[in-house]
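The primary structure of each chain is shown beneath.
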Amino acid sequence: RKSINLVRVMIMGLNDNIWPINNRALWSRLSLTYILHWRISESEIRCLLPPPSSMALNNFLLFSVTFQLLLLLRVSSESSWSTGDASRIPMKLLEFAKSPEVFDWMVRVRRKIHENPELGYEEFETSKLIRSELDLIGVKYRYPVAITGVIGYIGNGEPPFVALRADMDALAMQEAVEWDHKSKVRGKMHACGHDGHVAMLLGAAKILQEHRHDLQGTVVLIFQPAEEGLAGAKKMIEEGALKHVEAIFGIHLTNRIPFGKAASRAGSLLAGSGFFEAVIIGKGGHAAIPQHTIDPVVAASSIVLSLQHLVSRETDPLDSKVVTVSKVQGGNAFNVIPDSVTIGGTLRAFTGFSQLQQRLKEVITKQATVHRCNASVNLTPNGKEPLPPTVNDVDLYKQFKNMVGDLLGEESFVEASPLMGGEDFSYFAEAIPGHFSLLGMQDETNSYASAHSSLYRVNEDVLPYGAAIHASMALRYLQAKASKGSNGFHDEL
């Protein structure tokens, strides 16, 4: 409405019918400028034109100068969110995230989630807390998605859409850290930093909501359940979490990188991963007369050793693969050969994952046969589906690296080496361009245990960094898309 009123004031007395040809051409260019920049249709402009006037040309010249000045003022007013001042935006967002109000709030949220850990697809209270905080911030959301998942939306509701993701689930572990906010649920613990991930994404939501009118598109906040082996990302995709989304970003806290540094790489960052469980069935009996038994323990021992050859003898030394047997369960008496032995473990690979799975099954079943036993192999034990490798999009990696340089300084970006860990963010990055990064929280005064340890802790001082990285990356992506979409318009001007 303000734009239309402005046009009405400036084009009083104008009528393109009485202008020379060159002025009519200039009118067409100015009309196009209004249509593109002010979102006013040509018919709206023309309907404001009064009858012909002898002062038309003078008014036209005044209109032209006034319009150009106003356009410059508008561009100047937007400079804090455009390319002219883009390098300072991340620093301002980090300052906001570090403010006592925002930082203390993120810490409270994180500790509340940590005290009440919930396993995959059981994150009902965590989800309720997230929705409550989004309500207070004023962010609209969709729920439920994939049972307990939440998807928030910030911006103008129009393309481009860019997503930020945090996982919510805990692990089936007993916490060994003694502190005021220790897990209140026996046998469950946030030992992989997901409580911190949720707090950081909520922090980003608060930042972005503060600047929602400046967003040149829509930011999608994905709070995902069941990352720990239950393919929550896959289920969210199946239920439409990535509808209209063009790119997605994720962050994981780590103790392997110094505090406040961010690590990533283009291409493969994390390996494809899966689990297996095999039951070797023989014939039990007294340990003193083994000739009357079919010993599954000996068969299982042979299988464990033979599986190591899949990496040492069948894999290119330059191609990383892992096969680890981490569980062996058999009898419970010193003098009894059991009827069966169960083994289980994990396998990891960047390439040839399905072939590795096939060879694992062949080795287990055929080695069992050599020892007169039978064997069954389950590649999805307890519903744990295999994960594809996590592969970072090259263009998103470049944007992320530049953003980290603006936010924390070029020295704070670490070129990551490929890791054999797995992440179901890979499902998102397989469906659309994605980028996954690691945020360091290790400092010189305190030692932080690795993920999946009962001694795992989160360095809460890193929470503002994660929130600012999330928000800055979303802004950087939307700005880049807007810049590409409007280059022709600015070149024409």
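Numbers given for residues are sequential positions, taken from 1 along each chain in its written order. A pLDDT threshold of at least 70 governs which residues receive local features in this predicted model, and a stricter bar of 80 or more applies before side-chain atom pairs are shown or counted, although totals over entire chains, interfaces and linings include all residues. Excluding hydrogens and water, the side-chain values take into account all heavy atoms of the structure.

As recorded in an unreviewed UniProt entry, the protein goes by Peptidase M20 dimerisation domain-containing protein and comes from Thlaspi arvense.

**A closer look at the packing of helix α10 (residues 296-307) against helix α12 (residues 353-370)**
An axis is simply a line fitted to the C-alpha atoms; with a helix, the fit covers only the stretch in contact. Between two such axes, the angle follows the N-to-C directions and lies from 0 to 180 degrees. For the purposes of this entry, the term helix denotes a DSSP run of H or I that reaches at least four residues, the term strand denotes a run of E that reaches at least two, and both are numbered from the N terminus. Between α10 and α12, the shortest axis-to-axis distance is 9 Å and the interhelical angle comes to 150°. Taken together, the axes of α10 and α12 are roughly antiparallel relative to one another. Here the hand of the crossing between α10 and α12 comes out right-handed. Contacts between α10 and α12 involve Ser302, Ile303, Ser306 and Leu307 from the first element and Leu360, Val363, Ile364, Gln367 and Ala368 from the second. Roughly parallel here means an angle under 35 degrees, roughly antiparallel means over 145, roughly perpendicular means 65 to 115, and every remaining angle is called oblique. Helix crossings are classified by the rotation of the near helix relative to the far one: an anticlockwise turn of less than a right angle makes the crossing left-handed, while a clockwise turn makes it right-handed. Residues are treated as being in contact if the distance between any of their heavy atoms lies within 4.5 Å.

**Side note on empty space enclosed by the protein**
In this analysis the probe radius is 1.4 Å and the grid spacing 1 Å, with only protein atoms considered; a cavity is a set of points the probe fits into but cannot get out of, a pocket is an open set with protein on both sides within 12 Å along at least five of seven lines, and lining residues have an atom within 4 Å of a point. Grid points are joined across faces, edges and corners, and a volume is the space filled by probe spheres set on the points. By the definition in use, this model includes 2 cavities of 30 Å³ or more. A volume near 50 Å³ is recorded for the largest cavity. Listed by contribution, the elements that provide at least two residues to the lining of the largest cavity are β5 (245-258), β16 (434-442) and α15 (463-492). Residue polarity follows a fixed list, in which Ala, Val, Leu, Ile, Met, Phe, Trp, Tyr, Cys and Pro are nonpolar, Asp, Glu, Lys and Arg are charged, and the others, Gly among them, are polar. Tallied by class, the residues present in the lining of the largest cavity amount to 5 nonpolar, 4 polar and no charged.

**Overview of the nonpolar core**
Here the nonpolar core consists of buried residues drawn from Ala, Val, Leu, Ile, Met, Phe, Trp, Tyr and Cys, with membership extended through side-chain atoms lying within 4.5 Å. Partly exposed describes any residue whose relative accessible area lies between the buried limit of under 20% and the exposed limit of over 50%, with all areas from a 1.4 Å probe on protein chains only and scaled to the type maximum. Ranked by size, the top nonpolar core spans 68 residues in total, and within it Leu134, Leu208, Val219, Leu221 and Phe223 carry the most contacts. With 11 residues, the top contributor of residues to this core is α15. Ignoring any residue separated from it by four or fewer positions in sequence, one finds Leu208 in contact with Ile154, Leu164, Leu215, Val219, Ala471, Ala474 and Leu475.

**A word on the sheet that holds strand β13 (residues 374-378)**
Criterion used throughout: strands pair if DSSP finds at least two bridges between them. The strand order β10-β12-β8-β13 describes an open sheet built from 4 strands, whose pairing is antiparallel. With one partner strand each, in any of the chains shown, β10 (321-329) and β13 form the two edges of the open sheet. Taken over all neighbouring pairs, the strand axes of this sheet differ in orientation by 20° on average, direction set aside. In this structure, strand β8 (residues 272-281) lies alongside β13, joined through 5 bridges in antiparallel fashion. When the sheet's bridge partners are listed, Ile281 is paired in β13 with Asn374. On top of the sheet, α10 reaches β8, β10 and β12 (340-349); it is set at about 10° to β12, its chief contact.

**Some points on the sheet that holds strand β6 (residues 262-264)**
Ordered by their spatial adjacency, 8 strands build an open sheet running β1-β2-β4-β3-β5-β16-β6-β15, and the pairing between neighbours is mixed. Each edge of the open sheet is held by one strand with a lone partner, namely β1 (140-145) and β15 (413-415). Along the sheet, successive strands turn relative to each other by an average axial angle of 25°, direction set aside. Looking at chain direction, strand β3 (residues 161-167) and strand β4 (residues 218-224) are connected through 7 bridges and run parallel. By the bridge assignment, Leu164 is partnered in β4 with Leu221. Helix α7 (residues 124-137) contacts β1, β2 (149-155) and β4 of the sheet and is inclined by roughly 165° relative to β1. Strand contacts of helix α8 (residues 194-210): β2, β3, β4, β5 and β16, with the helix running at about 150° to β3, the strand carrying the most contacts.

**Some points on the environment of Gly229**
Relative to the helices and strands, Gly229 resides in the loop between β4 and α9 (232-238). With relative accessibility at 11%, the residue Gly229 sits in the buried group. Sequence separation of Gly229 and Phe275 is 46 residues, and the distance between their C-alpha atoms is 8.9 Å. Discounting residues that sit within four places of it in the chain, Gly229 has contacts with Gly383, Lys384 and Glu385.

**Topic: the pattern of salt bridges**
By convention in these notes, a salt bridge is any Lys or Arg side-chain nitrogen within 4 Å of a carboxyl oxygen on Asp or Glu. This model, assessed by the stated rule, comprises 17 salt bridges. Among the salt bridges present, the one from Lys184 reaches Glu115, with a minimum N-O distance of 3.5 Å. Taken together, the residues Lys184 in the loop between β3 and α8 and Glu115 in helix α6 (residues 100-115) connect sequence positions 69 residues apart. A salt bridge links Glu122 to Lys188; its shortest N-O distance comes to 3.7 Å. Of the two residues, Glu122 sits in the loop between α6 and α7 while Lys188 sits in the loop between β3 and α8, which places them 66 residues apart along the sequence. The exposure class assigned to Glu122 is partly exposed, which follows from its relative accessible area of 37%. The class of Lys188 is partly exposed, set by a relative accessible area of 23%. What you see here is one network of salt bridges that share partners, running through Arg110, Arg111, Asp195 and Glu460.

**Structural notes on helix α13 (residues 394-408)**
Between its first and last C-alpha atoms α13 spans 21 Å; for 15 residues at 1.5 Å apiece the expected length is 21 Å, and the two agree. Here α13 has its buried residues at Leu396, Tyr397, Gln399, Phe400, Met403, Val404, Gly405, Leu407 and Leu408. Regarding α13, its N-cap is Asp393, as a side-chain oxygen of that residue lies 3.1 Å from the backbone nitrogen of Asp395 further along. Positive phi shows up at Gly409, right after α13, with a value of about 100°. To estimate how far a helix should extend, the number of its residues minus one is multiplied by 1.5 Å. Here a polar contact is recorded for every N or O atom pair within 3.5 Å, except that within protein the pair must consist of a potential hydrogen donor and a potential acceptor, and residues adjacent in sequence are included only if both atoms are side-chain atoms.

**Observations regarding the environment of Ala375**
Mapped onto the fold, Ala375 is located in strand β13. For the pair Ala375 and Val279, spaced 96 residues apart in sequence, the C-alpha separation works out to 5.5 Å. Apart from the residues within four sequence positions on either side, Ala375 is in contact with Val279, Ile280, Ile364, Thr365 and Ala368.

**Points about the packing of helix α5 (residues 89-98) against α13**
Packing of α5 against α13 brings their axes to within 7 Å, and their N-to-C directions diverge by 60°. The pairing of α5 with α13 is recorded here as oblique in orientation. The chirality of how α5 crosses α13 is right-handed. Along its contact with α5, which presents Pro90, Met91 and Leu94, the element α13 presents Met403, Asp406, Leu407 and Leu408.

**Overview of unusual backbone geometry**
It is generally the case that most residues other than glycine have a negative phi and that most peptide bonds are trans. The peptide bond linking Tyr143 to Pro144 adopts the cis configuration, its omega dihedral lying at -5°. Along the chain, Pro144 turns up in strand β1. Of note, the amide linkage connecting Pro159 to Pro160 takes the cis form, showing an omega dihedral of -5°. Checked against the element boundaries, Pro160 lands in the loop between β2 and β3. Phi is positive for Ile147, which is not a glycine, with a value near 80°.

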